[in-house]
Amino acid sequence: DDYMAVAIARRHKLSDLAQYQDDEIHEGLAELVLALLKALNGPFHSEHQLNAELEDIALSLNEMALRKPSPRKLAAVIRLNKWLQERGKSHKVAILDLSEPEHYQSIKKQLKSKAQSASELGQLKHALNLSAEFKLTELSSEMLPLLSDDSQTLPELISCLASLGHLEAVPKIRSIIEKRVNLKERCSQSFSAHPVFESDQQSSLLYWTALKALGSLPHNDSIEILSLAVSDYAPDKREQALLSLQTILLSDDLRKSAYKGNLSDLIKDRLDDPAVAVQSAALHGIAQHKLADLVPEVLKSLHSRESVIQRKARETLISLAENGYRKELRENLESALSKEFDSSKKQRLNKVIQSVG
């Protein structure tokens, strides 16, 4: 908790905690540093004393990580180094290489351990996050056995495997989704324009995380799940499923061999979705797939009552122009302008024409 971390740091100097020769205290200090960095990037950004203390603790924290590596300490050093570099304090940055055998082994060891306590679970989450961030693909085989419905680190595990592009995980991810949520029931309900209350918050978060992950895992099972989930009644799930489906369908082979729908028709339909975020995702897909045939629909979105959709539509049109459709786009825009009598709409069209060139 950010507030608790700041309260602890106000009462105990970080440099004093670093003086203890106790690994449990060192682990606690590493966790405290991670929480403080999060707090200082948020509501406590003006805590100058804490800024100074973090600068002074950098080398000591690095020594702890070198002396007895653990995923938590490594994560703390890496985050602190990045924070220092962003503030022009590169001279205080410690050099840390995750390819060093002892560092690598500490991450691998944590992935193989059966985490039971809260501390061990924390270490496992740090190990997964580091594996994803530094693309330690060779460790993905250690993670697959952990991928079961009763795992307490499922969101982190699924995100990590997706980041590493581990396609063998997809059938298991599909099985977990189908066990946690009733897709058929969810997709039979009317689309909600607003966030919905989910009675099982944990399963809801896991479901959304999995939908996002599948966007990095081009696989037949991914397409089948996402093709269903684009019709989920909850707008956040519908939006993420559409974004992920659009992304994996950039693969021509997968689109031709596994996708049974028509992406252009789906995106056109979602431009009229009651949720603004889903409309925005559809516009993103038009730019992503260069669907110039949908320009007339994008022009309708340009005149949406929602300013965020107007802006996204403008960005989509400009993207199409930059990707080889300038002539067709200009013809559509000038035609629309000649038929338009509303002054505010004409102004919007003129601005896009000027941007397109």
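Residues numbered from 1 in each chain as written. Predicted model: local features only at pLDDT ≥ 70, side-chain atom pairs only at ≥ 80, totals over all residues. Heavy atoms only, no water.

A.B. asks: What is the right way to look at the side chain of glutamine 310 in this model?
C.D. replies: On the secondary structure map, glutamine 310 appears in helix H19 (residues 307-339). A polar contact is formed between the side chain of glutamine 310 and the side chain of arginine 348, at a distance of 3.3 Å. Once you skip the residues sitting within four places of it in the chain, glutamine 310 turns out to touch Ser301, Leu302, Ser304, Arg305 and Arg348. (Helix = DSSP H or I, 4+ residues; strand = E, 2+ residues; numbered from the N terminus. Polar contact = N/O pair within 3.5 Å; in protein donor to acceptor, adjacent residues only side chain to side chain. Contact = heavy atoms within 4.5 Å.)

A.B. asks: What's the story with the packing of helix H18 (residues 295-302) against H19 in this structure? I'm lost.
C.D. replies: When two helices pack together, their arrangement is given by the angle between the helix axes and the distance between those axes. Where H18 meets H19, the closest approach of the two axes is 9 Å, and the angle between their N-to-C directions is 135°. Overall, the two elements H18 and H19 adopt an arrangement that is oblique. In this structure, H18 crosses over H19, and the sense of that crossing is left-handed. Where H18 approaches H19, its residues Val295, Pro296, Val298, Leu299, Ser301 and Leu302 are matched on the opposing element by Ile309, Gln310, Ala313, Arg314, Thr316, Leu317, Leu320, Leu329, Asn332, Leu333 and Ala336. In terms of residue class, the contact of H18 with H19 is built from 12 nonpolar, four polar and one charged. (Axes fitted to C-alpha atoms, helices over the stretch in contact; angles between N-to-C directions. Parallel < 35°, antiparallel > 145°, perpendicular 65-115°, else oblique. Left-handed = near helix turned anticlockwise from the far one by under 90°. Nonpolar A, V, L, I, M, F, W, Y, C, P; charged D, E, K, R; others polar.)

A.B. asks: Just checking my understanding: could you explain the pattern of salt bridges for this structure?
C.D. replies: Pairs may arise between side chains of opposite charge once their charged atoms sit close together. Taken as a whole and judged by the stated rule, the model has 22 salt bridges. Here arginine 174 and glutamate 178 are joined by a salt bridge, their closest N and O atoms 3.0 Å apart. Residue arginine 174 and its partner glutamate 178 are both found in helix H10 (residues 170-180); the two are separated by four residues, about one turn of the helix. Among the charged side chains, a network of salt bridges with common partners joins Asp23, Glu27, Glu31, Lys68, Arg72 and Lys73. (Salt bridge = Lys/Arg side-chain N within 4 Å of Asp/Glu carboxyl O.)

A.B. asks: Hey, could you run me through the packing of helix H14 (residues 235-248) against helix H16 (residues 263-270) in this one?
C.D. replies: It is at 12 Å that the axes of H14 and H16 come closest, and there the two elements cross at 150°. In terms of orientation, H14 lies roughly antiparallel with respect to H16. The way H14 lies across H16 gives a crossing that is left-handed. Where H14 abuts H16, its residues Arg238, Leu242, Leu245 and Gln246 lie against Leu263, Leu266, Ile267 and Arg270. Taken together, the residues of the contact of H14 with H16 sort by class into five nonpolar, one polar and two charged.

Geometry only, nothing functional implied.
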